[in-house]
Amino acid sequence: RRNLITVCRFSVKTLIDRSCFETIDDSSPEFNNFAAILEQILSHRLKGQVTWFGYESPRSFWDYIRVACRKVSQNCICSIENMENVSSSRAKGRAWIRVALMEKHLSEYISTALRDFKTTRRFYEDGAIVLGEEANMLAGMLLGLNAIDFSFCLKGEGLDGNFPAVIDYTPYLKFTQSSDSISSDEEELRTLGSSGSESSTPENVGPPFIMDENSWFNKCKRVKQKYQLTLEQKGYLEELLRLRENQLSESVSQNKILLQRIEDSDLAHKLEKEQLEYIIVELQDQ
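Residues numbered from 1 in each chain as written. Predicted model: local features only at pLDDT ≥ 70, side-chain atom pairs only at ≥ 80, totals over all residues. Heavy atoms only, no water.

Draft legend 1. Examining the overall build of the protein more closely. The helix and strand tally for the protein stands at eleven helices and two strands. Reading the secondary structure of the protein in the N-to-C direction produces α-α-β-β-α-α-α-α-α-α-α-α-α. Summarising the internal contacts of the protein: among those between residues at least 6 apart in sequence, 74% fall at separations of at least 24. As presented, the protein carries roughly 19500 Å² of accessible surface, and 54% of it is formed by carbon and sulfur atoms. (Helix = DSSP H or I, 4+ residues; strand = E, 2+ residues; numbered from the N terminus. Contact = heavy atoms within 4.5 Å. Areas by Shrake-Rupley, 256 points an atom, 1.4 Å probe, with all protein chains shown as cover.)

This is how it looks when you write it as structure tokens:
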């Protein structure tokens, strides 16, 4: 469970970084890895379907999403169910992931499904990721993907439901810095050096470094990348704030409803008590 949530966080960050340079589509290995990770998370400890003869047949996470996400406004459940080229349940689940990402509603789908705890409990066994505390982290993690423009073909090989999702852990085991990295090694070293004691001074100070045209171009490119990343983070935080405000307003409205129910219940109990006291007085008189 911990490994899946950790690599999911890495995968989302990788997708956001990659979206600064190119459009994310089915050919992107970062997306294919993310889709495999999300499928593994939603399939973790998924209950099988019991037939009339008492046998348990395997189930896909689409069976859960199809039921738990009906309450999402303007959802794509019916359109995916009616897709002609997608027949198996696993392929429909993979098509749903792509459509939800293109609609920028994947986090909303997951949050709505997790709030339906009764349905989630019916589809998953104890110890499943969607039944634990990690589920709330997952919904918040996926919010950052709303800032990315995805482009998918819903007739590609990625929807083939005959092959299980396989996660490639290699990109998360070793980090190699590319030439397009936002900050160079020299900048990192200067940052680390400046974080030390104030009295520390360099022993050898070399001649001033003269930048050529390519160096200035690379520096401007890194500044542009930092600016784009800041914009992505700003959009992510705004989306997260909007979600939290909606959750707060829903909690306030539910609190008002509960308080009104309590007041009505107290009033009914008070009237019932007065009626019982009146009956007791009559019986005592008799």
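Draft legend 2. Inspection of the pattern of salt bridges at higher detail. A full pass over the atoms with the stated rule returns 14 salt bridges. As a salt-bridge pair, Glu39 and Arg94 come within 2.9 Å of each other at their nearest N and O atoms. Taken together, the positions of Glu39 in helix H2 (residues 29–42) and Arg94 in helix H5 (residues 89–103) put the pair 55 residues apart, joining distant regions of the chain. Since its relative accessible area comes to 8%, Glu39 is described here as buried. For Arg94, a relative accessible area of 7% translates into the label buried. Here Lys104 makes a salt bridge to Asp149, at a shortest N to O gap of 2.8 Å. Linking Lys104 in the loop between H5 and helix H6 (106–115) with Asp149 in the loop between helix H8 (134–141) and helix H9 (170–173), this pair joins segments that are 45 residues apart in sequence. Residue Lys104 is classed as partly exposed on the basis of its relative accessible area of 29%. (Salt bridge = Lys/Arg side-chain N within 4 Å of Asp/Glu carboxyl O. Buried < 20%, exposed > 50% of the residue type's maximum accessible area, 1.4 Å probe, protein only.)

Draft legend 3. Structural view of the packing of H5 against H6. For the pair H5 and H6, the least separation of the axes is 7 Å and the interaxial angle reads 120°. Along its contact with H5, which presents Trp96, Ala100, Leu101 and Glu103, the element H6 presents Leu106, Tyr109 and Ile110. Residue classes in the contact of H5 with H6 are distributed as six nonpolar, no polar and one charged. (Axes fitted to C-alpha atoms, helices over the stretch in contact; angles between N-to-C directions. Nonpolar A, V, L, I, M, F, W, Y, C, P; charged D, E, K, R; others polar.)

Draft legend 4. Local environment of the nonpolar core. Membership of the largest hydrophobic core comes to 60 residues, with the highest contact counts inside it found for Phe34, Trp96, Leu106, Tyr124 and Leu145. When residues of this core are traced back to their parent elements, those giving at least two are helix H1 (2–19), H2, helix H3 (61–68), helix H4 (77–81), H5, H6 and H8. Counting residues per element, this core draws most heavily on H2, at eight residues. Once you skip the residues sitting within four places of it in the chain, Tyr124 turns out to touch Leu42, His44, Arg45, Leu46, Lys47, Phe61, Tyr64, Val130 and Leu131. (Core = buried A, V, L, I, M, F, W, Y, C linked by side-chain atoms within 4.5 Å.)

Draft legend 5. Quick peek at the packing of H6 against H8. One way to put it is that H6 packs onto H8 with a least axis distance of 8 Å and a crossing angle of 160°. When the axes of H6 and H8 are compared, the pair comes out roughly antiparallel. The handedness of the crossing between H6 and H8 is left-handed. Across the interface between the two elements, Ser107, Ile110, Ser111 and Leu114 from H6 touch Ala135, Leu138 and Ala139 from H8. Class assignment for the residues of the contact of H6 with H8 results in five nonpolar, two polar and no charged. (Parallel < 35°, antiparallel > 145°, perpendicular 65-115°, else oblique. Left-handed = near helix turned anticlockwise from the far one by under 90°.)

In short, the description is geometric, and any link to function would need to be established separately.
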